[in-house]
Amino acid sequence: MFQIDDVSHELSGSVPGEWNHRQPVSAVNEVDEEPFPNIEYLHACVAGEGVCLETPPEFLVGCSCEQAEETDADEDAGVDGRDGGGGKMDMYCTLERGCSCLHEQVQQSGGVVYDSDRRLRDTYQFGSPIYECNAACDCPGWCKNRVVQRGISTRLQVFKTFHKGWAVRPLQRIHKGSFVCEYVGEVIATDEAERRGTAYDASGFSTLFDLDSAGDEKCEYTIDATYRCGVARFFNHSCAPNMRQTSVWVDTLSLALHRIAFFATRDIEPLEELTFDYKYEEGARTLDCHCGAPNCRRWLY
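Residues numbered from 1 in each chain as written. Predicted model: local features only at pLDDT ≥ 70, side-chain atom pairs only at ≥ 80, totals over all residues. Heavy atoms only, no water.

For the sheet that holds strand 7 (residues 130-131), give the residues involved together with the corresponding values.
Read from one edge of the open sheet, 4 strands run 7-16-17-10, paired in mixed fashion. If you trace the sheet from one side to the other, it starts and ends with strand 7 and strand 10 (179-182), each paired once. Of the pairings in the sheet, the one linking strand 10 to strand 17 (residues 259-264) comprises 3 bridges and is antiparallel in character. Looking at the pairing, glutamate 182 lines up with alanine 261 of strand 17. (Pairing = 2+ DSSP bridges. Helix = DSSP H or I, 4+ residues; strand = E, 2+ residues; numbered from the N terminus.)

Please provide a residue-by-residue account of the pattern of salt bridges, values included.
Summed over the entire model, instances satisfying the criterion amount to 14 salt bridges. A salt bridge links glutamate 182 to arginine 259; its shortest N-O distance comes to 3.6 Å. In this pair, glutamate 182 sits in strand 10 while arginine 259 sits in strand 17, placing the two residues 77 residues apart along the sequence. The class for glutamate 182 is buried, based on a relative accessible area of 11%. Each member of the salt-bridge network shares a partner with another, and the members are Glu186, Glu192, Arg195, Arg196 and Asp224. (Salt bridge = Lys/Arg side-chain N within 4 Å of Asp/Glu carboxyl O. Buried < 20%, exposed > 50% of the residue type's maximum accessible area, 1.4 Å probe, protein only.)

Residues and numbers for the sheet that holds strand 11 (residues 186-189), please.
With mixed pairing, 4 strands are arranged side by side in an open sheet as 4-11-13-12. The sheet terminates laterally at strand 4 (46-47) and strand 12 (208-211), the two strands that pair on one side only. In this structure, strand 4 lies alongside strand 11, joined through 2 bridges in parallel fashion. Of the residues in strand 11, the one forming a bridge with alanine 47 is valine 187. Running over the sheet, helix 3 (residues 190-203) touches strand 11, strand 12 and strand 13 (221-224) and is turned about 110° from strand 11. (Contact = heavy atoms within 4.5 Å. Axes fitted to C-alpha atoms, helices over the stretch in contact; angles between N-to-C directions.)

Tell me what's going on with the environment of proline 35, and back it up with residues and numbers.
Following the sequence through the fold, proline 35 ends up in the loop between strand 2 (25-29) and strand 3 (40-41). Residue proline 35 is classed as exposed on the basis of its relative accessible area of 58%. Once the C-alpha coordinates of proline 35 and lysine 160 are considered, the two residues, 125 residues apart in sequence, prove to be 9.8 Å apart. Look past the residues within four positions of proline 35 in its chain and what remains in contact with it is Phe2 and Trp166.

Can you lay out the state of the cysteines for me, pointing to particular residues and giving the numbers?
Applying the stated criterion across every chain yields a total of 0 disulfides. No disulfide involves cysteine 137; its sulfur sits 3.5 Å from the nearest other cysteine sulfur, which is in cysteine 101. The closest cysteine sulfur to the non-disulfide-bonded cysteine 289 is located on cysteine 291, 3.6 Å from its own sulfur. Overall, the relative accessible area of 11% leaves cysteine 289 in the buried class. (Disulfide = S-S within 2.5 Å.)

Talk me through the confidence of the model for the protein chain; I want residue IDs and the actual numbers.
Taken residue by residue, the protein chain gives an average pLDDT of 87. The fraction at 70 or more is 86%. Across the protein chain, strand 10 holds the top mean pLDDT of 98, while helix 1 (residues 72-76) sits lowest at 43. Contacts from residues 70-90, a stretch scored under 50 in pLDDT, to residues over four places away or in other chains number 37 contacts. (pLDDT = per-residue confidence, 0-100.)

Structure follows, in structure tokens:
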């Protein structure tokens, strides 16, 4: 049994951005003597051989939102500016003020995605693309259209379970629509993913996640979170999950290189396990499901 205050760290030579969240991720095992997995913790995806994750800013198209003074109407509507401040603040990136990123979002998904609290609006349909402001935009890091790229803002803990291996729970309440974390790991090309997948399947453990939201018959890239990963690698399946994943584009022009972001589908209480639906295709039903949900399908695959 053990407790680790923080399993996350910065890679050598890396510095978090001014507006990036850096919450500690703790780990605890109160069940048995199994040590914490030997992983390289990542705060963001890293590129595998032959993969370029980000497009240089000079080739991106960004908004040119200018500083605008907060109005009484903004204040009455509960719209704020920079984090942690008060009173009259500067405002950026609103549809009313002509943000080109938000106009593109409306064209692609039918509406603005984030509300003034940086949560998904109730009108958002999971599966619709999310386009955040990027490195070519003039808006600052606290812009309301920069959510996933800022990282984890909630204190999370990896813990050992009796029947499901490792799992993740929050140490504070998470409101419906809030961003929880991103699925990060090493982004590799399909051929390499197939090679690794064969070996992982033989061992009975795989954390490969295909980036298949581009709509192609065969996805180009896959995230491998087996040894280089973030906390999402420890999320378990549930037939009645409290999160859903969706695709988010930030600093890339490639439709095939989106991010996988998890958002709360309802209010989640402290110490409640964080789960999503793996949606495995039905197989020989050789792996039982232990999620315990009333609607449990009794098997994973």
